[in-house]
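Commentary on secondary and tertiary structure
Residue-level listing of the chains:
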Amino acid sequence: MACPHRGIVTKLYIQRNRNIQTPYAIFNYILNNKVWTQEVINTNAAIQVGDTLKLRCAKNDPEIFKIE
């Protein structure tokens, strides 16, 4: 994985399927002079809009990331 980067949470939403609700967080980060947008499941609603996420991104594919 490449050096750490920062993602900023821009939006939260809940996906509803039958009786199941899954919270998601959408965030943006810049890598190789390009803005990337990703979403992750927001377990226990721990992530809020405006939060900064510390990311590690794969060198060969910036869409592969890990939140630290």
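Calculation notes
- Residues numbered from 1 in each chain as written.
- Predicted model: local features only at pLDDT ≥ 70, side-chain atom pairs only at ≥ 80, totals over all residues.
- Heavy atoms only, no water.
- Helix = DSSP H or I, 4+ residues; strand = E, 2+ residues; numbered from the N terminus.
- Buried < 20%, exposed > 50% of the residue type's maximum accessible area, 1.4 Å probe, protein only.
- Contact = heavy atoms within 4.5 Å.
- Phe/Tyr/Trp six-rings, centres within 6.5 Å; stacked < 30°, edge-to-face > 60°.
- Lys NZ or Arg CZ within 6 Å of the ring centre and 35° of its normal.
- Salt bridge = Lys/Arg side-chain N within 4 Å of Asp/Glu carboxyl O.
- pLDDT = per-residue confidence, 0-100.

1. A word on the environment of Val35
- Tracing the backbone shows Val35 in strand β3 (residues 34–41).
- For Val35, a relative accessible area of 53% corresponds to the exposed category.
- Val35 sits 26 residues away from Val9 along the chain, and the two C-alpha atoms are 13 Å apart.
- Apart from the residues lying within four places of it in its own chain, the contact partners of Val35 are Asn28, Tyr29 and Ile30.

2. Describing the packing of aromatic side chains
- This structure, assessed with the given rule, holds 4 aromatic pairs.
- Each ring, one from Tyr13 and one from Tyr24, has its centre 5.2 Å from the other, and the planes form 10°; the classification is stacked. With Tyr13 in strand β1 (residues 4–17) and Tyr24 in strand β2 (residues 20–31), the pair connects residues that are 11 residues apart, well separated along the chain.
- Classification of Tyr24 as buried rests on a relative accessible area of 14%.
- Here a set of aromatic residues connected by ring pairs shows up, and it is made of Phe27, Tyr29 and Phe65.
- Just above the ring of Trp36 sits the side chain of Lys34; from NZ or CZ to the centre is 4.2 Å.

3. Brief notes about the pattern of salt bridges
- A full pass over the atoms with the stated rule returns 1 salt bridge.
- We note a salt bridge from Arg56 to Glu68, for which the minimum N-O separation is 3.1 Å. With Arg56 in strand β4 (residues 52–57) and Glu68 in the segment after β5 (65–67), the pair connects residues that are 12 residues apart, well separated along the chain.

4. A closer look at the confidence of the model for the protein chain
- Summary statistics for the protein chain give a mean pLDDT of 89 and a share of 94% for residues scoring 70 or more.
- Between the elements of the protein chain, mean pLDDT differs from a low of 86, seen in β5, to a high of 94, seen in β2.

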